[in-house]
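Tertiary structure, described
Here's the letter readout for the chains.
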Amino acid sequence: MAKYAFITGASSGIGRATALALAAKGYDLVIASRNMSKLQAVKTDVEAKCSVSVTPVVLDVTDPAAIHEVTKKVLADFGAPDVLVNDAGLARGLESYEKSQEQDILEMIDTNIKGLFLVTHDFLPAMVERNTGHIVNLGSTAGLYAYAGAAVYCASKAAVKTFGDGVRIDVIDTDIKVTTIQPGIVETPFSTVRFHGDKERAAGVYAGVEALTPEDIADVIAYTVGQPRRVQISDVVIMANQQATGFMVSKHPKK
């Protein structure tokens, strides 16, 4: 049976790019997000370029019952994933914490923390039993360097980092690897989601700076999972050339 990767948040951005990058390495895919029509577009794109199978599944990672239903079926149909990419995540708002909306707070916690934790929890026993697999969690430089207006988002991504470290300790006696990918500024629909669909405001985030692309991050993920058994890359921090910390970006660098 061919190796396969399960990818959440696979309908756009880094998740979509990762699907293409891993397919190019020969991985069959099970791709998940809330939007089936976008997943079908990813499936069509991947299968046109690579000789792999792609199975799209609708999954809202904020719904524990949906997570359990989907992971149970995937395990029954495909077995334990060779690579689990926990990409689903989001930010909401950029206001000072006392002005933030409760709904935004809860959505970030439910998606970035609870969803990632539960998807991993459902797949990990089968991976441990088989004694192989690679868990790749999408963190952020925000989990290393807090910035104004993002207390909850930064805290959620710090949780992703320490969660990965903890799981790595728990599976130390197995051949399971755990990697946290921590990108800086990447031009994706991320900021449009953060600003509740305000595309003009989102565009301003990337104006004047050569941001990373989803493909840049996907290439690093593909490199990480392609290492030999003896090599475990625990953390990767990837920033744009004109980025010094999480939110310190030079908008008009010298040429």
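Higher on the page you've got the structure.
Residues numbered from 1 in each chain as written. Predicted model: local features only at pLDDT ≥ 70, side-chain atom pairs only at ≥ 80, totals over all residues. Heavy atoms only, no water.

**Remarks on the sheet that holds strand E6 (residues 176-183)**
Within the open sheet, the seven strands sit side by side as E3-E2-E1-E4-E5-E6-E7. Their pairing is parallel. Only two strands of the sheet have a single partner each, and these edge strands are strand E3 (54-58) and strand E7 (235-238). Neighbouring strand axes in the sheet, compared pairwise and without regard to direction, differ in orientation by 15° on average. Bridge analysis of E6 against E7 gives four bridges, and the strand direction is parallel. Within E7, the position partnered with Ile-181 by the bridge is Val-236. Helix H3 (residues 64-78) rests against strand E1 (4-8), strand E2 (28-33) and E3 of the sheet, and its axis sits at about 170° to E1. (Pairing = 2+ DSSP bridges. Helix = DSSP H or I, 4+ residues; strand = E, 2+ residues; numbered from the N terminus. Axes fitted to C-alpha atoms, helices over the stretch in contact; angles between N-to-C directions. Contact = heavy atoms within 4.5 Å.)

**A word on the pairing of E2**
For E2, a buried count of six out of six residues is recorded, marking the element as mostly surrounded by other parts of the structure. Of the two faces of E2, the one carrying Asp-28, Val-30 and Ala-32 and the one carrying Leu-29, Ile-31 and Ser-33 are both buried. In terms of strand pairing, E1 meets E2 through five bridges, oriented parallel. Bridged to Thr-8 within E2 is Ala-32. Handedness of the β-α-β unit built from E1, helix H1 (residues 13-24) and E2 comes out right-handed. (Buried < 20%, exposed > 50% of the residue type's maximum accessible area, 1.4 Å probe, protein only. Right-handed = clockwise from strand over helix to strand, strands pointing away.)

**Thoughts on the pattern of salt bridges**
When charged atoms on two side chains of opposite charge get close, those side chains can pair. Following the criterion strictly, the structure yields 11 salt bridges and no others. With a shortest N-O distance of 3.3 Å, Asp-82 and Arg-130 are connected by a salt bridge. Linking Asp-82 in the loop between H3 and strand E4 (83-86) with Arg-130 in helix H4 (residues 102-130), this pair joins segments that are 48 residues apart in sequence. For Arg-130, a relative accessible area of 35% translates into the label partly exposed. With a shortest N-O distance of 2.9 Å, Asp-175 and Arg-229 are connected by a salt bridge. Taken together, the residues Asp-175 in the loop between helix H5 (151-170) and E6 and Arg-229 in the loop between helix H8 (214-225) and E7 connect sequence positions 54 residues apart. The class for Arg-229 is exposed, based on a relative accessible area of 65%. Among the charged side chains, a salt-bridge network with shared partners connects Lys-161, Asp-165, Arg-168 and Asp-235. (Salt bridge = Lys/Arg side-chain N within 4 Å of Asp/Glu carboxyl O.)

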